[in-house]
Each structure stands twice: as C-alpha cells, then as structure tokens.
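# Notes for the structure review
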Amino acid sequence: MKLRRLAINEEGFIFDPETGNSYTVNETGLFILEKLRQGLSPEEIARLLSQEYDISPEEARRDLEDFLEVLVRYGLWKEPK
Amino acid sequence: MKKPYQKPSIIKLRVGLLRDKKSGLLRMVRREIDGVPVKDLVRKFGSPLFVFSEKRLRDQFRYLRRLFESHYPRVEFSWSYKTNYLDAICRIFHQEGASAEVVSDFEYHKARRLGVPGENIIFNGPYKPREILKQAVLEGARINVDSMDEILDLEEIARETGQKIRIGLRINMDTGIYPRWDRFGFNLESGEVLSVARRIAAGDRLEVMGLHCHQGTFILDPEAYARAAEKLLRLARKLEEEFGWNIEYLDLGGGFPSRSRPKGLYLPPEVGIPPLSEYAERIARSLLLGTMARDYPLLVLEIGRALVDEAGFLITTVRSTKRLADGRRAHILDAGVNLLFTAFWYHFRIEIERELPGPPEPCTLYGPLCMNIDVVEENAWLPPLPRGTHLILSPVGAYNLTQWMQFITYRPRVVLIGESGQVEVIREAETLEDVVRRERLPEHLR
Ligand SMILES: Cc1ncc(COP(=O)(O)O)c(C=O)c1O
C-alpha cells in the first residue's frame, strides 16, 4: 500500500518517494495517517478520533471521509475493496 | 480530558522552492518603505502608523491583470471592498480598471459615492436589504443572489418596476478544499441549484445571466479553482440548454493567497504558497477546454487579499519590555489586535528599523490592550529591543483596515506613499470627538 512507503515525521511533514511530492498535515491529519498505516478501518479511526479528541463520532466520521477524499485525490490512499 | 479538535488537513507543498536559503536575519531590517525612511514617517505622522505603497498597489494589479489576460481572453477584476475600502485604495484600483464588488448597503453607498456607476458594481452577500437591492436593480448593478428569499425579494421588485431582472446565482460546491463554505448561495451537488433554477424560470420575472462562486479565503490549492471553473461551466451549459438563458459571466470570487503566513502553515510563504501564475493557468485551462472559441464567458475575479495585502505595512513602537514568569522576554507595542485583526490567523513578517546588536531570542509581542488575547506574535525571534524601537509589520494591507475596531484606544493615521515618493494622509487619526459624537446622554443622567 502506498501509505506505507511515505516518509512521515512527527511534525507532520510527509514525503512521497515515488512522486517526489511533499505535504504537511496537521495533528489530526497525522493521527489519521498513522492509524491508516496501522491498517485500521475508517470506522475504527473515526471512533478513536472521537475518543481522543473533543468531537462527536458523527462529525469525526464526516471529517474523516472528507480527509480520505483528499488523500484519494492526491493519490495517497485507495478505498480497500 | 479530551484534546481540542482540529479538522484534519493535508496540504501539498511545492518542493522546488525548498532551496530558498536567504538568511532570515538579513531580511529583518527595514529602514525605509518605498524609499521613505521609517524614522521620518514616524516623526511626521506618529506611531502606530499604517503605510500603503501606491507603487505596490498598482504593480500588483497590473501584474495580476496581465497574468490572467495572458491566459484567458476575457477577464474582469472587481475590487472586493470589504478587503480594504479606504477611498484612496479603491480609487487606485478603479483607476486601474477594476469594478467594485460590494456586499452591503454601506459598501454599495461607498462605491457609488466614489463615482462607480451601477453597472460597474457587483453586489454579493447573504443579506441585501430590500431598499438597496432595489436601488441596485434600478442602477443596473450585477446582483449575485444568495438565497431563495432574495429571489422572492427580486421577483417582487421586478413586479414593481415592470422589468425582467437579470441575476447571477451564487453557487457552493465541493472543490476539494477545507473548510468547505456551504452557507453561501445554492448547493450544486445536492441539486438545489437546479430546483432553484426551475423555480426562477417558472416565476418568469428573473433571468440568470451569471454564476458566482467564492470558495473561501487563502486557498492554497490552485486545482480547487480549476474544479470550480469546470463545474460552473458545466452548470452554465446545463442552465442554457434547459432554460434558454445566456450565461455571460463566471465569477470565481477571490480567495487567492498573499505572501502572508497563516498560523498552522509551518513553512515560510515562499515555500508553502503556490505562485499566483499557477492559479491563472489552471483556471484558464479549465475554461478554455470547456468552451467553444466563439463564446468565452467573461471571467470575473474578486481578488482582495492577493491584491492589497503586501502593499500595507504597520509601523509600531516598542513601548515597554518585561520578562514573563517563565523568563521569556515580552515587548509591549503601541499596536495590538485592535488594529491587527488578522493577527488571530496570520503571522506577520516582523522587521526592525535598524540593525541591533545581540543574538535573536524568542520573545512575545503584545499590544497595548489590557486583554489577554492581545497578542501580536506569540513567538518571534528578535534581538533585545530597546524601548522606542520601531518595528515594521507586514503584510497587513488586507482586512485590517476594515475589521479594526475602536476599542480602548484611538485608531491611528493611515498614509499612502505616492509613486513619486510623496507621503499623504489617507485617513486621519481618530479623535475623542469622532468617538463620542454619536453618543447621547439622556436628560436624567446629565
Ligand atoms: C464574495 C467575496 N468575494 C471576494 C472576496 C475577497 O476574498 P479574498 O480577499 O480572499 O481574495 C470575499 C471575501 O470574503 C468574498 O466574500
């Protein structure tokens, strides 16, 4: 999976060795990326988000979906079939 | 306790620019603005002092106009009044050929007072009071409608005046950016736009002639504009086919970044912010690919920040210095968030009027208000600053002079450095009389 190949540092700087592109994510974005790399499903990540942060599970789910959409657009993640 | 939440975000960086290694320290000194010594400006006009550069205003306007016109044949720039509606600033942009983009009765009045004819006004905003809406209709302003209630108002005005009114529709949609502004206008993906269009056609008093979309501000993804342009174009074609309207303009709003540094963007603006040429290219490409050569719609841009931000400076003075309980140095300036509303979201470039000895150390810059929120910069790296040192903050040209507030103290002068170096006051400092003039003391309290 592409995500595993990304170099991610803890300040949220991301480098994609395949394309040479780099990105920055905020803390929440970093949280999500790490969980995705660990192989967690979006449902599980949304639940963890709402446990860790002050946000409802529904909102976490929505924001997560938005975020995943951007990852897809950047070619960093694909919905598992 | 749970941690405070911030919506997840990811921003693509421009790698090629990472090599900019100019020393930050060298750039920390600014002795002059457009050749006028900072010291002289303060001596003559006081501190704090907002300073605008006419040269920068005109240069930036001409640069952006050429940039867009070199990519697309029909472009109109409409000056976003809310970004900075000082007469002198608006006049400069109008002289350069910009129309006026207004969002309230006040802004509409201000544009008319400056001599802008109705047909050169674009009227946006979520609330357009009935009276000014009618005036705008009668004067031929282009009105971008925000809600169904406004459509009802306009239909009523059309009935009163016996004319068919041509309007624009503000559209909100998914262009892949966050936050997504969905509170303005009609939503595209949900089908709201089409049902509203059907309703308009059935009413037979209005006709849609334009589409508008302002996605947000300081948008760091040029591709978002390409998507917006594409979607608007597709929508325009659909409306034309289905209702027989002629969509003459596509208005992509503003939202282009300046060289400011939003909090949360960790890299310097030179690295993290795409050049405006990328935006122009993407927009033009979408439009050119999607249109027949003979019917290019007019591209309207309501660029605010990216036109004016870098032309504005604030000179402020260190009035006292202290050590905080944790040992960190803090400076109290004569300008705070009362004048620098944008300090809540942006880091300013901080320059010193002369070279100072001593190594830079982390310090905090506070304003003069007795409020804990009055922080101009939480974490600056500056050499020890003697009392009386002038600092020059920039870019501050966008939104500060419209969102500043009369709070605790007076608002200072604003000057313009003309193209031949002459300095003119374009807004006088506030006086006690300005502030109290509108107050009334009831009889029993006298
Ligand atoms: C409708 C509209 N157009 C244009 C602008 C100007 O935006 P910017 O200064 O980000 O270019 C704004 C700002 O909020 C706006 O609301």
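Residues numbered from 1 in each chain as written. Chains lettered and ligands numbered in written order. Predicted model: local features only at pLDDT ≥ 70, side-chain atom pairs only at ≥ 80, totals over all residues. Heavy atoms only, no water.

### Some thoughts on the overall build of chain A
- Helix and strand counts for chain A stand at four helices and three strands.
- For chain A, the succession of helices and strands along the chain, N to C, is α-β-β-β-α-α-α.
- For chain A, whose C-alpha radius of gyration is 12 Å, the value lies close to the compact-globule estimate of 12 Å for 81 residues.
- With respect to the principal axes defined by its C-alpha atoms, chain A has extents near 35 × 30 × 20 Å.
- In chain A, which comprises 81 residues, the share counted as buried stands at 44%.
- Across chain A, every contact between residues at least 6 apart in sequence was considered, and the portion connecting residues at least 24 apart equals 33%. (Helix = DSSP H or I, 4+ residues; strand = E, 2+ residues; numbered from the N terminus. Rg over C-alpha atoms; globule rule 2.2 N^0.38 Å. Buried < 20%, exposed > 50% of the residue type's maximum accessible area, 1.4 Å probe, protein only. Contact = heavy atoms within 4.5 Å.)

### Some remarks on the site of the ligand
Residues and elements named next belong to chain B.
- Surrounding the ligand, one finds 16 residues, the nearest of these being T217, G255, E302, R305 and Y399.
- A distance of 2.6 Å is found between a nitrogen atom of the ligand and a side-chain nitrogen or oxygen belonging to E302.
- R305 is positioned with one of its backbone polar atoms (N or O) 2.8 Å from an oxygen atom of the ligand.
- For the ligand, whose unbound accessible area comes to 400 Å², protein coverage reaches 92%.
- Tallied by class, residues from the shell around the ligand come to two nonpolar, nine polar and five charged. (Near = heavy atom within 4 Å. Polar contact = N/O pair within 3.5 Å; in protein donor to acceptor, adjacent residues only side chain to side chain. Areas by Shrake-Rupley, 256 points an atom, 1.4 Å probe, with all protein chains shown as cover. Nonpolar A, V, L, I, M, F, W, Y, C, P; charged D, E, K, R; others polar.)

### Concerning the environment of E34 of chain A
- Its place among the elements puts E34 of chain A in helix α2 (residues 27–37).
- Taking the C-alpha atoms as reference, E34 of chain A lies 9.6 Å from R4 of chain A; in sequence the two are 30 residues apart.

### Considerations on the interface of chain A and chain B
- Taken together, the contact between chain A and chain B spans 30 residues of the former and 21 residues of the latter.
- At the junction of chain A with chain B, the criterion picks out five salt bridges.
- Run the count over chain A and chain B and you get ten residue pairs in polar contact (both at pLDDT 80 or more).
- Mapped onto the side of chain A that touches chain B, the elements with two or more residues apiece are β2 (13–15), β3 (22–25), α2, α3 (42–52) and α4 (57–73) of chain A.
- The greatest single-element share of the side of chain A that touches chain B, amounting to eight residues, is contributed by α4 of chain A. (Salt bridge = Lys/Arg side-chain N within 4 Å of Asp/Glu carboxyl O.)

### Describing the pairing of strand β6 (residues 99–102) of chain B
Residue and element names in this part refer to chain B.
- The alternating pattern of β6 places S99 and E101 and A100 and V102 on opposite faces, both of which are buried.
- In this sheet, β6 lies alongside strand β5 (residues 75–80) in parallel orientation, the contact comprising three bridges. Looking at β6, one finds that S78 is bridged to S99.
- As defined by bridge partners, β6 adjoins strand β7 (residues 121–123) across three bridges and the pair is classed as parallel. Looking across to β7, one finds that A100 is bridged to I121.
- Crossover handedness for the path β6 to helix α4 (residues 105–113) to β7: right-handed. (Pairing = 2+ DSSP bridges. Right-handed = clockwise from strand over helix to strand, strands pointing away.)

### Side note on the domain arrangement of chain B
Residue and element names in this part refer to chain B.
- Taken domain by domain, chain B consists of domain 1 (10–52 + 310–436) and domain 2 (54–308).
- Computed from C-alpha coordinates alone, the two centres of domain 1 and domain 2 are separated by 32 Å.
- Contact with domain 1, which involves 33 residues of that partner, is made by 33 residues of domain 2.
- Buried area between domain 1 and domain 2, both sides added, is near 3100 Å², and the carbon and sulfur share of it is 57%.
- Linking domain 1 to domain 2 there are one salt bridge.
- A salt bridge links E419 to R58, with the shortest nitrogen-to-oxygen separation between them at 3.7 Å.
- Counting the contacts that link domain 1 with domain 2 gives twelve residue pairs in polar contact (both at pLDDT 80 or more).
- For the side of domain 1 that touches domain 2, the element with the highest residue contribution is strand β22 (residues 414–417), accounting for three residues.
- Class assignment of the residues belonging to the side of domain 1 that touches domain 2 gives a composition of 19 nonpolar, five polar and nine charged. (Domains from an automatic or database assignment. Buried area = accessible area lost by both parts, 1.4 Å probe.)

### Here's the deal with empty space enclosed by the protein
All names here are of chain B.
- Going through the model one piece at a time under the given rule, you end up with two cavities of 30 Å³ or more.
- Approximately 70 Å³ is the volume found for the largest cavity.
- Along its surface, the largest cavity is lined by I171, N172, M173, T175, I177, R180, W181, C213, H214 and Q215.
- Looking at the lining of the largest cavity residue by residue, the class counts come to five nonpolar, four polar and one charged.
- If you add up the space inside the second largest cavity, you get close to 40 Å³.
- Residue lining of the second largest cavity: S260, R305, D309, T342, Y346, F348, P395, V396, A398 and N400, and that is the complete set. (1 Å grid on protein atoms, 1.4 Å probe; cavity = no way out; pocket = protein on both sides within 12 Å on 5 of 7 lines; lining within 4 Å. Points joined across faces, edges and corners; volume = space filled by probe spheres on them.)

### Considerations on the nonpolar core
Residues and elements named next belong to chain B.
- In terms of nonpolar packing, the biggest core is built from 112 residues, with F68, Y81, L169, L211 and F256 touching the most fellow members.
- Among the elements that line this core, the one with the most residues is helix α8 (residues 222–243), at ten residues.
- Looking at which domains feed residues into this core, each of domain 1 (10–52 + 310–436) and domain 2 (54–308) supplies at least three.
- Not counting the four nearest positions on each side in its chain, L169 is found in contact with N144, V145, F186, V193, I200, V208, G210, L211 and H212. (Core = buried A, V, L, I, M, F, W, Y, C linked by side-chain atoms within 4.5 Å.)

### Examining the packing of α2 of chain A against α3 of chain A
Residue and element names in this part refer to chain A.
- Contact geometry for α2 and α3: axes closest at 10 Å, N-to-C directions at 140°. Here α2 lies oblique to α3, going by the angle between them. Handedness of the crossing formed by α2 with α3: right-handed. Between α2 and α3, the contacting residues are T28, F31, I32, K35 and L36 on the first element and I45, L48, L49 and E52 on the second.
- Within the contact of α2 with α3, the residues separate by chemical class into six nonpolar, one polar and two charged. (Axes fitted to C-alpha atoms, helices over the stretch in contact; angles between N-to-C directions. Parallel < 35°, antiparallel > 145°, perpendicular 65-115°, else oblique. Left-handed = near helix turned anticlockwise from the far one by under 90°.)

### Some thoughts on the packing of helix α2 (residues 54–69) of chain B against helix α10 (residues 276–290) of chain B
Residue and element names in this part refer to chain B.
- Axis separation between α2 and α10 bottoms out at 9 Å; the angle between their running directions is 30°. Considering the relative orientation of α2 and α10, their crossing is right-handed. Residues Q60, L64, L67 and F68 of α2 pack against L276, S277, A280 and I283 of α10.
- Of the residues assigned to the contact of α2 with α10, the class counts are six nonpolar, two polar and no charged.

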